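# Observations on chain architecture
Residues per chain are reported as follows:
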Amino acid sequence: QVQLVESGGGLVQAGGSLRLSCAASGTIFSDNAMGWYRQAPGKQRELVAAIASGDSTYYADSVKGRFTISRDSAKNAVALHMNSLKPEDTAVYHCTSGTYYSGAFNLGNNWGQGTQVTVSS
């Protein structure tokens, strides 16, 4: 059974930076993409960023230019580098894995437990 374990969340002031990490234990044979969703209280879950094994990426408009996703395929790990953080980035961030084919990400095959990111104003 594959487990995704996130780390790196915390409390930061607006304008600050955080780095989230996600490592997979076990081999994800069929998945070739990983990404990060976030969910804030009272809001819908949002796909923040995703990356495929060929380094194709996706970013939500709300984080473009501020967040960068990177992947270590050999380690089944993915990181989310978050800069210029805003209070509206406050949410629980979940790592997930899935597939990428023909320009489309289909994530959600495996999920991490989530890590809290809180940005104070």
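Here the structure is a predicted model, which means the values were calculated and not measured.

Position of Asn110 among the secondary structure elements: in strand β10 (residues 104-111). Polar contacts involving the side chain of Asn110 include one to the side chain of Ser97, which spans 3.0 Å.

Here we take up the sheet that holds strand β8 (residues 77-82). If you walk across this open sheet you meet the 4 strands as β1-β3-β8-β7, and the pairing is antiparallel. At either margin of the open sheet sits one strand with a lone partner, and together these are β1 (3-7) and β7 (67-72). Across the sheet, the axes of successive neighbouring strands diverge by a mean angle of 15°, strand direction being ignored.

Next up on the list: the pattern of salt bridges. Under the counting rule described, the total for this entry stands at 4 salt bridges. Salt-bridge contacts for Arg38 lead to Asp89; the nearest nitrogen and oxygen are separated by 2.9 Å. With Arg38 in strand β4 (residues 33-39) and Asp89 in the loop between β8 and β9 (91-101), the pair connects residues that are 51 residues apart, well separated along the chain. Of the two residues, Arg38 and Asp89, both sit in the buried class. Linking Lys64 and Asp61 is a salt bridge whose minimum nitrogen-to-oxygen distance equals 3.1 Å. The two residues Lys64 and Asp61 agree in class, both being exposed. Through salt bridges with shared partners, a single ionic network connects Arg38, Glu46, Arg66 and Asp89.

Going through the model one piece at a time under the given rule, you end up with 1 disulfide. Across a sulfur-sulfur distance of 2.0 Å, Cys22 and Cys95 are joined as a disulfide pair. Residues Cys22 and Cys95 are joined by a disulfide whose S-S torsion is about -80°; by sign, that bridge is left-handed. Note that Cys22 is positioned in strand β3 (residues 18-25) and Cys95 in strand β9, a separation of 73 residues in sequence. The pair Cys22 / Cys95 is uniform in exposure class, with both members buried.

Reading the values: the criteria
- Residues numbered from 1 in each chain as written.
- Predicted model: local features only at pLDDT ≥ 70, side-chain atom pairs only at ≥ 80, totals over all residues.
- Heavy atoms only, no water.
- Helix = DSSP H or I, 4+ residues; strand = E, 2+ residues; numbered from the N terminus.
- Polar contact = N/O pair within 3.5 Å; in protein donor to acceptor, adjacent residues only side chain to side chain.
- Pairing = 2+ DSSP bridges.
- Axes fitted to C-alpha atoms, helices over the stretch in contact; angles between N-to-C directions.
- Salt bridge = Lys/Arg side-chain N within 4 Å of Asp/Glu carboxyl O.
- Buried < 20%, exposed > 50% of the residue type's maximum accessible area, 1.4 Å probe, protein only.
- Disulfide = S-S within 2.5 Å.

Remember, this is a structural readout, not a statement about activity or role.
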